[in-house]
Amino acid sequence: MDSRAGLVLDLREPVRLDAWAITLAMGIVAGTVAPTLVPAIVAACIIFSVAALAWRSFVPGAWRLMVILTPLFAGAGVGISFLHTATPDPLAQLAAFEPGEVVIVGTIASPPAASSWGYRADVRVEHLWYGGREVLRGGGVEVFAGDLSVGVGDRMRVNGEISRPQPDEDGFDYAKYLATKNVSAVVEATSVWPVDEELGWIGRVHRRTDAALGYGLRPQEAAVVRGMVLGDRSLIPEDLEVDFRRSGITHVLAISGQHVAVLAAVIYFALRTLTVTAATRTLTTLSLTWVYILVAGAPPSAIRAGVVASLVLAAGLIGRQVSALHFMTTMLAAVLAYNPLLVYNAGFQLSVAAVFGILLLGKPLKSLVEKTLLRPFERPPHSISNLISVSLAAQAATTPIVAASFDEVSVIGALTNLVAVPLSGPILTLGLVGSVCGNVAPVLAYPLNASNGFLVALLVWTARTASAVPFAATTTPGVTPLLVALFYVGCVPAALSGSFLSGKQAPMWAAVLVLWSVLWLVLTGAGGL
């Protein structure tokens, strides 16, 4: 080749950088949870990188550049976690001194929830006065008050005593939990009142939506729909919450990726029936989706789903292929980079575990279902096999987190989700559409809510019936992080069988996964591990 022809770029061999996000996320998690292991992890990345540089055949050619860059992404993740740790928190420092009464002006960031001290809600601090002068701006506090007649987005003035959160009697680190929500202190309020005559627009929408969800529904059904649409479970009877937990379907009551996906799909396809350009359709869907996330209080699982929805819709707009696994790892890296302490949030852990479980374990479990439960069918119905495999995958992936967080795991959850998940989709759709119509005119919400009432009653009946089964749940006391890690190690062969191992081996490894899950539950429940 003539050297005067210039540099020739050879693009015949594809270059894969798909693992950059998961490597970055792993660096963030390591730097946050186990900083003592960071040197070993970085050293391992460097060894792999040097090996890939020295031997071209060390990894497949498409992944060689990714392996070479692994120390860079892992190091960046560690750097992000250390940067968050090193950044001073003036609000936490002030609260640690327990200075006494302060005056705070800020915005309500979460729907008020019942507590042992009346009600509680998160507040984003705009101004904080102590001793008659303003001492800081910014940060978040959790306010406890006897009465909180406020809504998300309202600007309030709070007088009360500020302090650092104290661990519970059972050892639960409440400060770490609040940190996952960017909350640094608690305030026992003596008085709370609005700053502005007009309440915030988010609060007004939240209140109108809350009222709209009650039109045409009995109180218990309305409380369930409010929990599913707005994440406000304060009106759900305690015994019903226990039934949902024992039956393994509590997740349908929490704002999750399913809620955001249903809303985005309804908006997107409704606009698609109109003469709206693709760009307008995408931007409108994204805007309304993020408005919903804000009105619902922006829980971590909703933020995660909002990031994924934004990436998926943006990819469609610019004509890029969608890789669900790549989008999920990118979402994980983005959300953890924003707040690494989310790794300690049980809701975020469950949400991420469920999605990755469906993506990695769904395919092998589907092949197992088709070769066992659906074997009598000459052509197994895909809708049924998908439903069963998704339920099993989500149940398996979340089992150790549920066991460690709540000391109880629903045994019957894989079966009840076969009913609850198909029901939750229409309930969410009718609830979301009904709330929108109710914001326009209450009379428009009645027929939708009345139709929804039957589905909600069926969901409640499912929860109560399943919970009444004697073996519905098993206790799992004392599950440690090491046992959680051990469980996921046992899931690796099944996860690999869906993508990297021979497809013929997938049913076998899926069966091993099911047996391993049962064995792990039996041993942890009996204290054998």
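Treat the numbers as computed from the prediction; the structure is a model and nothing was measured. (Residues numbered from 1 in each chain as written. Predicted model: local features only at pLDDT ≥ 70, side-chain atom pairs only at ≥ 80, totals over all residues. Heavy atoms only, no water.)

Before we go on, may I ask you to explain the overall build of the protein chain in this structure?
For the protein chain, the helix and strand inventory stands at 19 helices and nine strands. Scaling as 2.2 N^0.38, a compact globule of 529 residues should have a C-alpha radius of gyration of about 24 Å, and the protein chain matches this with 25 Å. Principal-axis analysis of the C-alpha atoms places the extent of the protein chain at approximately 75 × 60 × 60 Å. Taken across its 529 residues, the protein chain has 44% of its residues classed as buried. Contacts spanning at least 24 positions in sequence make up 72% of the contacts within the protein chain whose residues lie at least 6 apart. (Helix = DSSP H or I, 4+ residues; strand = E, 2+ residues; numbered from the N terminus. Rg over C-alpha atoms; globule rule 2.2 N^0.38 Å. Buried < 20%, exposed > 50% of the residue type's maximum accessible area, 1.4 Å probe, protein only. Contact = heavy atoms within 4.5 Å.)

Would you take a moment to explain the environment of Gly-227 for this structure?
Its location among the elements puts Gly-227 in helix 8 (residues 219–230). For Gly-227, a relative accessible area of 0% gives the class buried. As for Gly-227 and Asp-210, which are separated by 17 residues in sequence, their C-alpha atoms are 10.0 Å apart. With residues near it in sequence (within four places) discarded, Gly-227 still touches Asp-232, Arg-233 and Leu-253.

Could you clarify how one ought to interpret the packing of aromatic side chains in this entry?
What characterises a pair of aromatic rings is the spacing of the ring centres plus the angle enclosed by the ring planes. Tallying each qualifying case throughout the model produces eight aromatic pairs. Relative to Phe-269, the ring of Tyr-268 has its centre 5.5 Å away and its plane inclined at 85 degrees; by these criteria the two rings are edge-to-face. A relative accessible area of 47% places Phe-269 in the partly exposed class. Here the aromatic cluster, defined as three or more aromatic residues joined through ring pairs, consists of Phe-487, Tyr-488, Trp-516 and Trp-520. When the ring centre of Tyr-344 is taken as reference, the NZ or CZ atom of Lys-176 above it lies at 4.2 Å. (Phe/Tyr/Trp six-rings, centres within 6.5 Å; stacked < 30°, edge-to-face > 60°. Lys NZ or Arg CZ within 6 Å of the ring centre and 35° of its normal.)

Honestly, a negative patch on the surface in this entry has me stumped. Any pointers?
On the surface, Glu-98, Glu-101, Glu-161 and Glu-188 cluster together to form a negatively charged patch. Within the secondary structure layout, Glu-98 lies in the loop between helix 5 (90–96) and strand 1 (100–108). Classification of Glu-98 by relative accessible area gives exposed; the value is 51%. (Patch = residues over 30% accessible without salt bridge, like charges linked within 9 Å, V, L, I, M, F, W, Y side chains within 5 Å. Areas by Shrake-Rupley, 256 points an atom, 1.4 Å probe, with all protein chains shown as cover. Salt bridge = Lys/Arg side-chain N within 4 Å of Asp/Glu carboxyl O. Lys, Arg positive; Asp, Glu negative; His and termini not counted. Charge placed at Lys NZ, Arg CZ, Asp CG, Glu CD.)

What is the right way to look at unusual backbone geometry in this model?
Glycine aside, negative phi is the norm for most residues, and most peptide bonds take the trans geometry. Here the phi dihedral of Asn-182 falls at roughly 60 degrees; this positive angle occurs in a residue that is not glycine. Looking at where Asn-182 falls in the secondary structure, it is placed in the loop between helix 6 (174–179) and strand 7 (185–194). The residue Asp-407 is not glycine, and still its phi comes out positive at about 60 degrees. Structurally, Asp-407 can be placed in the loop between helix 15 (382–406) and strand 8 (408–410).

Teacher, can you tell me more about the nonpolar core here?
Side chains of nonpolar character tend, in soluble globular proteins, to be buried together. Val-224, Met-228, Val-229, Phe-244, Leu-253, Ile-427 and Leu-459 are the most contacted members of the largest nonpolar core, which totals 39 residues. Those elements giving two or more residues to this core turn out to be helix 8, helix 9 (238–246), helix 10 (257–272), helix 11 (278–295), helix 12 (300–318), helix 16 (413–440) and helix 17 (442–467). Among the elements that make up this core, the one with the highest residue count is helix 8 (seven residues). The residues contacting Ile-427, other than those within four sequence positions of it, are Met-228, Asn-452, Leu-455, Val-456 and Leu-459. Counting residues in hydrophobic clusters, the runner-up holds 22 residues, among them Ile-108, Val-125, Leu-136 and Val-158. (Core = buried A, V, L, I, M, F, W, Y, C linked by side-chain atoms within 4.5 Å.)

How do you make sense of helix 16 when you look at a structure like this?
Helical periodicity: at 3.6 residues per turn, an α-helix aligns residues three or four positions apart in one direction. Spanning 28 residues, helix 16 covers 38 Å between terminal C-alpha atoms, matching the ideal 40 Å at 1.5 Å per step. A maximum bend of about 30 degrees is found in helix 16 at Val-419, where proline Pro-422 lies one to four positions downstream. (Expected span 1.5 Å × (residues − 1). Bend = angle between axes of the 7 residues up to and from the residue.)

Can you walk me through the side chain of Thr-70 in this structure?
Relative to the helices and strands, Thr-70 resides in helix 4 (residues 70–86). Classification of Thr-70 as buried rests on a relative accessible area of 15%. Those residues in contact with Thr-70 that sit more than four places away from it in its chain are Thr-23 and Cys-45.

How should the packing of helix 8 against helix 17 be read in this particular structure?
Between two packed helices, what matters for the description is the angle formed by their axes and the separation of those axes. Where helix 8 meets helix 17, the axes come as close as 10 Å, and the angle between the chain directions of the two elements is 90 degrees. Here helix 8 is positioned roughly perpendicular relative to helix 17, judged by the angle of their axes. Residues Gln-220, Glu-221, Val-224, Val-225 and Met-228 of helix 8 form the contact with helix 17, whose participating residues are Asn-452, Gly-453, Val-456, Ala-457, Leu-459, Val-460 and Arg-464. In the contact of helix 8 with helix 17, the residues fall into seven nonpolar, three polar and two charged. (Axes fitted to C-alpha atoms, helices over the stretch in contact; angles between N-to-C directions. Parallel < 35°, antiparallel > 145°, perpendicular 65-115°, else oblique. Nonpolar A, V, L, I, M, F, W, Y, C, P; charged D, E, K, R; others polar.)

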